[in-house]
Amino acid sequence: MKFLDEAKVYIQSGAGGNGCISFRREKFIEFGGPNGGDGGRGGDVIAECVDGLNTLIDYRYQQHFKAKSGGNGMGKDRHGANGPHAVLKVPVGTQIYDEDGETLLADLTEVGQRKVLARGGNGGFGNAHFKSATNQAPRHANPGQPAEERTIRLRLKLIADAGLIGLPNAGKSTFLATVSAAKPKIADYPFTTLHPQLGVIRTDDREFVLADLPGLIEGAHEGIGLGDRFLGHTERCRVLLHLVDGTGEHAGEAYKTVRAELEAYGHGLAEKPEIVALSKADALTPEMLKEQTARLKRAVKKTPLILSSASGKGVPETLRALLTVIDAARAVEEKAASR
């Protein structure tokens, strides 16, 4: 299934049914009186967060969703049928914006959450509704209320505990494949990863979700390369694992390049907890490893982890460091939620 994290959708609720003008006409019944029924209510357009989805690909093939209109009222005091709702099923982490792309309508982060995006019109009153002692034969009824229509934008932001960031070919996909059952494409050229990948990590009888994001390059916030369109998925991550390629020219400069893109993107990414690791350590000589570690330490201002996904060196230490930060972030969130 192809990954799609943005979609533009047109929605329309159902119109209300019209009220009915009718009078009782039966043999031997004199002055039967009005018996026109009310119109039915139009269906709503509802967004529902469901389990089992991780992409918005369904909305590439269908962009129009219309709820059914309510039925018209009928004689003999018969009420028109209510129109069924139109339900848009979306994955966890979907944000729904108005057509301008800035007005947030809903943020669905839990399975079962629902949000009414367009309400159906109310049905019109039939003439039986207007009868009174002074108006015993009303000859008017209300039309149903019109439908609502609008265009919305869906944006998916994957919910993961940790996010993998770094320059292209820094070993992010190799690390994800090593520590989880995920099978991302791995190759020896940049931009192998074109879409975010998720993996479930199990360590020390615990588990958490790790997201592998396509690599950033200098100028990504201006749209260079794949741009920063996938960085929105890291906004929900509790911690960032920043991998720096040890076989590159200068580990410190590579780290600063990615940090500059995070700061240019904004949305609080630069303030998130970060764990920095020098990857591909098994491909370096002892002298080069020492030099690259020193360069990275000067840039980060703390000692980085040494990592080799191929040989497994440093992998357990990296996972434990991630788990420690994730547990701390969860404790802060639970404390804030209990207030």
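Below is a short write-up of the structure. (Residues numbered from 1 in each chain as written. Predicted model: local features only at pLDDT ≥ 70, side-chain atom pairs only at ≥ 80, totals over all residues. Heavy atoms only, no water.)

The next subject is the overall build of the chain. Within the chain one finds five helices and 14 strands. Since a compact globule built from 339 residues should have a radius of gyration of about 20 Å, the 29 Å found for the chain marks it as more spread out than a globular shape. Considering only C-alpha atoms, the chain reaches an extent of 110 × 40 × 30 Å along its principal axes. By residue count, 47% of the 339 residues in the chain fall in the buried class. Taking contacts inside the chain between residues at least 6 apart in sequence as the whole, the part at least 24 apart equals 74%. A total of about 17500 Å² of accessible surface is found on the chain, and carbon and sulfur atoms cover 49% of it. Seen as two clouds, the 44 positive and the 42 negative side-chain charges of the chain have centres 6 Å apart. (Helix = DSSP H or I, 4+ residues; strand = E, 2+ residues; numbered from the N terminus. Rg over C-alpha atoms; globule rule 2.2 N^0.38 Å. Buried < 20%, exposed > 50% of the residue type's maximum accessible area, 1.4 Å probe, protein only. Contact = heavy atoms within 4.5 Å. Areas by Shrake-Rupley, 256 points an atom, 1.4 Å probe, with all protein chains shown as cover. Lys, Arg positive; Asp, Glu negative; His and termini not counted. Charge placed at Lys NZ, Arg CZ, Asp CG, Glu CD.)

Glancing now at the sheet that holds strand β4 (residues 86–90). Spatial ordering of the open sheet is given by β4-β2-β7, a layout of three strands whose pairing is mixed. Here the strands that pair on one side only, and so sit at the sheet edges, are β4 and β7 (114–118). When the angles between neighbouring strand axes are averaged without regard to direction, this sheet yields 25°. Where strand β2 (residues 45–49) and β4 come together, five bridges link them in parallel fashion. Residue Glu-48 lies in a different strand from β4, and its bridge partner there is Lys-89. (Pairing = 2+ DSSP bridges. Axes fitted to C-alpha atoms, helices over the stretch in contact; angles between N-to-C directions.)

The next subject is the side chain of Thr-94. Among the secondary structure elements, Thr-94 is positioned in strand β5 (residues 94–98). Relative accessible area serves as the criterion here: at 0%, Thr-94 is assigned to the buried category. Side-chain polar atoms of Thr-94 contact the backbone oxygen of Pro-91, separated by 2.7 Å. (Polar contact = N/O pair within 3.5 Å; in protein donor to acceptor, adjacent residues only side chain to side chain.)

All right, on to the nonpolar core then. It is characteristic of soluble globular proteins that their nonpolar side chains tend to be buried jointly. Of all hydrophobic cores here, the largest spans 24 residues; its most connected members are Val-9, Ile-11, Tyr-59, Leu-88, Ile-96, Ile-152 and Leu-154. What Leu-88 contacts, discounting residues up to four positions off in sequence, is Val-9, Ile-11, Val-45, Ile-46, Ala-47, Glu-48, Tyr-59, Phe-65 and Ile-152. Counting residues in hydrophobic clusters, the runner-up holds 20 residues, among them Ala-162, Ala-170, Phe-175 and Leu-243. (Core = buried A, V, L, I, M, F, W, Y, C linked by side-chain atoms within 4.5 Å.)

This part covers the sheet that holds strand β14 (residues 305–306). Note on sheets: strands pair through backbone hydrogen bonds, and any given pair is parallel or antiparallel. Strand order in the open sheet formed by six strands is β10-β11-β9-β12-β13-β14, and the pairing between neighbours is mixed. Strands at the two margins of the open sheet, each flanked by one partner only, are β10 (197–203) and β14. Examined bridge by bridge, strand β9 (residues 162–165) and strand β12 (residues 239–245) share four bridges and lie parallel to one another. Considered in β12, the bridge of Ala-162 is made with Val-239.

What follows covers the packing of aromatic side chains. Within a pair of aromatic rings, the relevant descriptors are the distance that separates the centres and the angle that separates the planes. Taken as a whole, this structure holds two aromatic pairs when the rule is applied. For the pair Tyr-59 and Phe-65, a centre-to-centre distance of 5.6 Å together with 55° between the ring planes defines the contact as tilted. For the pair shown, Tyr-59 and Phe-65 are each scored as buried. Measuring from ring centre to ring centre gives 6.4 Å for Phe-125 and Phe-130, while their planes differ by 80°; the resulting arrangement is edge-to-face. Judged by its relative accessible area of 34%, Phe-125 is partly exposed. On the basis of relative accessibility, which here comes to 22%, the residue Phe-130 falls in the partly exposed class. Between the NZ or CZ atom of Arg-155 and the centre of the ring of Tyr-97, over which it lies, the distance is 4.5 Å. (Phe/Tyr/Trp six-rings, centres within 6.5 Å; stacked < 30°, edge-to-face > 60°. Lys NZ or Arg CZ within 6 Å of the ring centre and 35° of its normal.)

The next thing to look at is the pairing of β10. Across a regular strand the side chains alternate sides, sitting on one face of the sheet and then on the other. One ladder, built from seven bridges, connects β10 with strand β11 (residues 206–212); its direction is antiparallel. Following the sheet pairing, Leu-198 is matched in β11 by Ala-211.

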